[in-house]
Amino acid sequence: MGLTPLFIGLLLFPWISAMLIALCFKIPKNLLATFSSFLSGIQFIGLAYFIYQVNGHEIAIHNPWFTLGDSEFRASFVATSSAQMVALLVAIVAFFVQVFSSSYLQDEPHLTKYYLYLNLFAAAMYALLFADQIWIFYASWEMVGACSYLLISFWYQKEVAIQAAKKAFLLNRLGDIGLLIGLIGLSIHFNAMEFSAMHIGSVGPAPIAIGIALLAGAIGKSAQFPLMSWLPDAMEGPTPASALIHAATMVAAGVYLGIKIYPITGEDTHLFMAAIGAISLLSGAVFALFQQDIKKALAYSTISQLGLMWMGMGSDASLLHLVVHGIFKAGLFLSAGSVIHYLHHQKASHHLDPQSLHQMGGLRKQLPWTALGYGIFAAGLMGLPLTNGFFSKENLAGLLWENAQNSPFYPIYWTLLACLGIGMLLSNWYISRQFYLIFMGKNRKNLTLEKPSWNLPQYVPVLILALFSLFFWTSTQVLHIHPSLLLNKFQLKTWEVPTIWLLITTFSWVLGLGLTWISRQWIPQDNYRFWPSFWPSIFQLTNGKARWVHIIDNVFLDRFLIWLAQLQVVTGHILAWLDQFIVDGILVGFSTKISQISGNFLSRWQSGKVQQYWILVFLTFGLFLLYVWL
């Protein structure tokens, strides 16, 4: 089989899988889960074979679609190296999420709908990654958002899930307005409707206004400042779906958009992206410390780590951390799901909240394999040696360090490096503290917990993802990035950091672990939320303004408009009377009568009789002589 038919098959197969799942709603749930996981596995194997055969090259499909006036629209898809890399991440995570879900949701009555949504999401995500035509890209972008809405509200019996889905949908639509404007501006600036046809050339990079508009859409999708508050609420959906959509793939779509436009935008747009990322890195890390819900803490952690990718400005450093983070964050969510699933089965006897850190502690004894996986994933997030996270974070720091040495905007890059250092410290603190609160020490409620049975569908995905999080996938050396299979295959550029930065990194590890030990007994009583906790005065001001606007609208504006409408009606009646009786009756009617009378009188002078004409001539001449004589 040629690579082009295989590429088309990979684009269509997830949609076919979703259709097959929809048709299999009557089969037993265990067979449905196995069948869906099998289809996802085929997609993963096919994509891996495709990437192996492509061997770092690009494959493009450009087929005529339709014409509109003089414009021809083509259905264009391009498998760039970055798209292949992210698609492989989606395939890996989607497969393991489906395997994990077969155990986690085994008692779920609406399992067909759940797997249908997962397959639809994967199909939309592949289309988004490989789309070259900007309107296909936009349609796929919206489809990803729609699938996210469906999965967040999957347990629609809970009012909080419905509200969370609405919030996510509306905040994403707010950003998507900017994306739509940016895509229109991009097509006008480059006179092209395909990303591959947009070259800087003589027209120069896209203006910063277009870049900011595009990044507005990415801000919503990646839950970056200030549209970040929807992601923690989105944890109301099933935990495995959170691992797929809200940790590894969907939220990474915003970063992928930054990667896509990186070659056609200027440094001012790149720095705007980095500034948004720095704010999100710090604020997300701070709020991750103040969560007592295990999933909400990981959600704020995702916001923070996505901010780190944004600080890479869409370069290869962003791409590497996107993939590395996708693996260990999906592993963290699945490990958290394993903890929640275990505690949920203890809930009947102990009245537990299975997501609260107040109910945890000492779970390494009951869940040793989950603790091992969680520890490796946490080490990756901290960027400890022997993990991929170490290289992706240091690589990103190397990019900023190099730009600080060579760019005219060097003060901004030094500021970004300072934010990165603080963000690393906060990240080390909250994730190591969370690991301690879940697995170390003793159970804080002194509960007697049962030893769980060996659960292969939950443990195997966690352990394999933990294996993927180890260092040798990124570098063959422990402390320095050295070309590896991953880097060579996708031709990623890397940056080295000076020794001084490695010392700063080491200090952040030591200080973060020290702060964890100091604060190991403290757990927040509630989950602090971004907007109300960060800027409560803004909410009070907004509420006050809303009340006054409501009063002004009802009491003044509505009454004024009603009075204005009534005045308009009265004025219309007066004008109609004037038109009928004055204009038509007097002016038009009087002038008509005058014209008729004068016409009748003068018409008698034009009788056509010569005798009358001579009589008038003599009469006129006689009157003239009389006038002269007098």
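In case you missed it, the structure is sitting above this.
Since the model is a prediction, treat every value here as computed from it, not as a measurement.

Trainee: Kindly report on the overall build of the chain, identifying the contributing residues and their values.
Mentor: Regarding its fold elements, the chain presents 23 helices and two strands. Sorting the 630 residues of the chain into buried and exposed places 52% on the buried side. The contacts in the chain between residues at least 6 apart in sequence include a share of 79% that link residues at least 24 apart. Split by element, the accessible area of the chain, about 29,100 Å² in all, is 69% carbon and sulfur.

Trainee: Tell me about the packing of aromatic side chains, residues and numbers included.
Mentor: Counting across every chain of the model gives 20 aromatic pairs. Between Phe-290 and Trp-522, the aromatic rings sit 5.6 Å apart at their centres with planes inclined by 75°, giving edge-to-face as the arrangement. Of this pair, Phe-290 sits in the loop between helix 11 (267-289) and helix 12 (294-311) while Trp-522 sits in the loop between helix 20 (499-518) and helix 21 (530-534); the two residues are 232 residues apart in sequence, bridging distant segments of the chain. Classification of Phe-290 by relative accessible area gives partly exposed; the value is 32%. Following the ring pairs from residue to residue traces out a cluster consisting of Tyr-114, Tyr-115, Phe-154 and Trp-155.

Trainee: Report on the nonpolar core, specifying residues and quantitative values.
Mentor: By size, the foremost hydrophobic cluster in this structure holds 162 residues, and its most contacted members are Phe-50, Tyr-114 and Phe-130. Tallying contributions element by element places helix 13 (residues 316-345) first for this core, with 16 residues. Beyond its immediate stretch of four places on either side in the chain, Phe-130 contacts Phe-7, Leu-11, Leu-47, Ser-76, Phe-77, Val-78, Ala-79, Ala-83, Gln-84 and Ala-87. Formed by 22 residues, the second largest nonpolar core is a distinct cluster that contains Ala-278, Ala-317, Leu-416 and Trp-495.

Trainee: How would you explain unusual backbone geometry if you had to name every residue and give the values?
Mentor: Of the consecutive residues Phe-225 and Pro-226, the connecting peptide bond is found in the cis state with omega at 5°. Secondary-structure assignment places Pro-226 in the loop between helix 7 (208-221) and helix 8 (230-233). Located in the positive-phi region is Ala-223, a residue other than glycine, with phi close to 55°. Secondary-structure assignment places Ala-223 in the loop between helix 7 and helix 8. Ala-223 sits in the buried class, given a relative accessible area of 0%. In the Ramachandran plot, Met-313 falls in the positive-phi region, its phi being about 65° despite a non-glycine side chain. Relative to the assigned elements, Met-313 resides in the loop between helix 12 and helix 13.

Trainee: Go over the pairing of strand 2 (residues 71-79), please, and point to the residues and values.
Mentor: Direction of pairing for strand 1 (residues 59-68) relative to strand 2: antiparallel, over a ladder of nine bridges. Of the residues in strand 2, the one forming a bridge with Ile-61 is Phe-77. Between the antiparallel neighbours strand 1 and strand 2 lie two residues, among them Gly-69 with a positive phi of about 70°.

Trainee: Pulling in residues and values, what's your account of the packing of helix 15 (residues 368-382) against helix 17 (residues 410-439)?
Mentor: Packing of helix 15 against helix 17 leaves a shortest axis separation of 9 Å and a crossing angle of 170°. Between helix 15 and helix 17, the angle is such that the two are roughly antiparallel. On the side of helix 15, the interface is formed by Thr-370, Ala-371, Tyr-374, Gly-375, Ala-378, Leu-381 and Met-382, while helix 17 contributes Ser-427, Asn-428, Tyr-430, Ile-431, Ser-432, Gln-434, Phe-435, Ile-438 and Phe-439. Across the contact of helix 15 with helix 17, the residue classes break down as ten nonpolar, six polar and no charged.

Trainee: Just give me the short version of helix 2 (residues 29-54), but keep the residues and values in it.
Mentor: Over its 26 residues, helix 2 extends 37 Å from the first C-alpha to the last, a length consistent with the 38 Å expected when each residue adds 1.5 Å. Backbone geometry just downstream of helix 2 places Asn-55 in the positive-phi region, at approximately 55°.

Trainee: Please set out a nonpolar patch on the surface residue by residue, giving values where relevant.
Mentor: A contiguous nonpolar surface patch, about 530 Å² in accessible area, is contributed by Ile-8, Leu-12, Trp-15, Ile-16, Leu-20 and Leu-23. Structurally, the position occupied by Leu-12 is in helix 1 (residues 3-23).

Trainee: Could you give me a rundown of the pattern of salt bridges, with the residues and numbers involved?
Mentor: Counting across every chain of the model gives five salt bridges. The salt bridge involving Glu-194 is made with Arg-74; its shortest N-O contact spans 2.8 Å. Highlighted residues: Glu-194 in the loop between helix 6 (159-190) and helix 7 and Arg-74 in strand 2, separated in sequence by 120 residues. Classification of Glu-194 as buried rests on a relative accessible area of 9%. In this structure Arg-74 comes out as partly exposed when scored by relative accessible area, which is 30%.

Trainee: Before we move on, could you go through helix 5 (residues 134-152) and cite the residues and values that matter?
Mentor: Between its first and last C-alpha, helix 5 extends 27 Å over 19 residues, near the 27 Å set by a 1.5 Å rise per residue. Within the span of helix 5, buried status applies to Ile-134, Ile-136, Phe-137, Tyr-138, Ser-140, Trp-141, Val-144, Gly-145, Cys-147, Ser-148, Leu-151 and Ile-152.

Trainee: Could you give an account of the environment of Thr-34, with specific residues and numbers?
Mentor: Mapped onto the fold, Thr-34 is located in helix 2. Relative accessible area serves as the criterion here: at 51%, Thr-34 is assigned to the exposed category. Each C-alpha atom, one on Thr-34 and one on Ser-102, is 7.4 Å from the other, the two residues being 68 residues apart in sequence.

Trainee: I'd like a description of the packing of helix 13 against helix 15, backed by residues and values.
Mentor: Where helix 13 contacts helix 15, the two axes come as close as 9 Å, and the packing angle between them is 150°. Helix 13 and helix 15 meet at a crossing whose hand is left-handed. Note on element contacts: helix 15 touches helix 13 through Thr-370, Gly-373, Tyr-374, Phe-377, Ala-378, Gly-380 and Leu-381, opposite Phe-328, Lys-329, Gly-331, Leu-332, Ser-335, Ala-336, Ser-338 and Val-339. Tallied by class, residues from the contact of helix 13 with helix 15 come to eight nonpolar, six polar and one charged.

Trainee: Which residues make up the side chain of Gln-291, and what are the values?
Mentor: Tracing the backbone through its elements, the reader meets Gln-291 in the loop between helix 11 and helix 12. Looking at Gln-291, its side chain comes within polar contact range of the main-chain oxygen of Phe-287, at 2.9 Å.

Trainee: Can you break down the environment of Leu-425 residue by residue, with the values?
Mentor: In this fold, Leu-425 is placed in helix 17. Between the C-alpha atom of Leu-425 and that of Met-382, which follows or precedes it by 43 residues, the distance is 8.6 Å. Excluding anything up to four places from it in sequence, Leu-425 contacts Ser-508, Leu-511, Gly-512 and Leu-515.

About the criteria used
Residues numbered from 1 in each chain as written. Predicted model: local features only at pLDDT ≥ 70, side-chain atom pairs only at ≥ 80, totals over all residues. Heavy atoms only, no water. Helix = DSSP H or I, 4+ residues; strand = E, 2+ residues; numbered from the N terminus. Buried < 20%, exposed > 50% of the residue type's maximum accessible area, 1.4 Å probe, protein only. Contact = heavy atoms within 4.5 Å. Areas by Shrake-Rupley, 256 points an atom, 1.4 Å probe, with all protein chains shown as cover. Phe/Tyr/Trp six-rings, centres within 6.5 Å; stacked < 30°, edge-to-face > 60°. Core = buried A, V, L, I, M, F, W, Y, C linked by side-chain atoms within 4.5 Å. Pairing = 2+ DSSP bridges. Axes fitted to C-alpha atoms, helices over the stretch in contact; angles between N-to-C directions. Parallel < 35°, antiparallel > 145°, perpendicular 65-115°, else oblique. Nonpolar A, V, L, I, M, F, W, Y, C, P; charged D, E, K, R; others polar. Expected span 1.5 Å × (residues − 1). Patch = residues over 30% accessible without salt bridge, like charges linked within 9 Å, V, L, I, M, F, W, Y side chains within 5 Å. Salt bridge = Lys/Arg side-chain N within 4 Å of Asp/Glu carboxyl O. Left-handed = near helix turned anticlockwise from the far one by under 90°. Polar contact = N/O pair within 3.5 Å; in protein donor to acceptor, adjacent residues only side chain to side chain.

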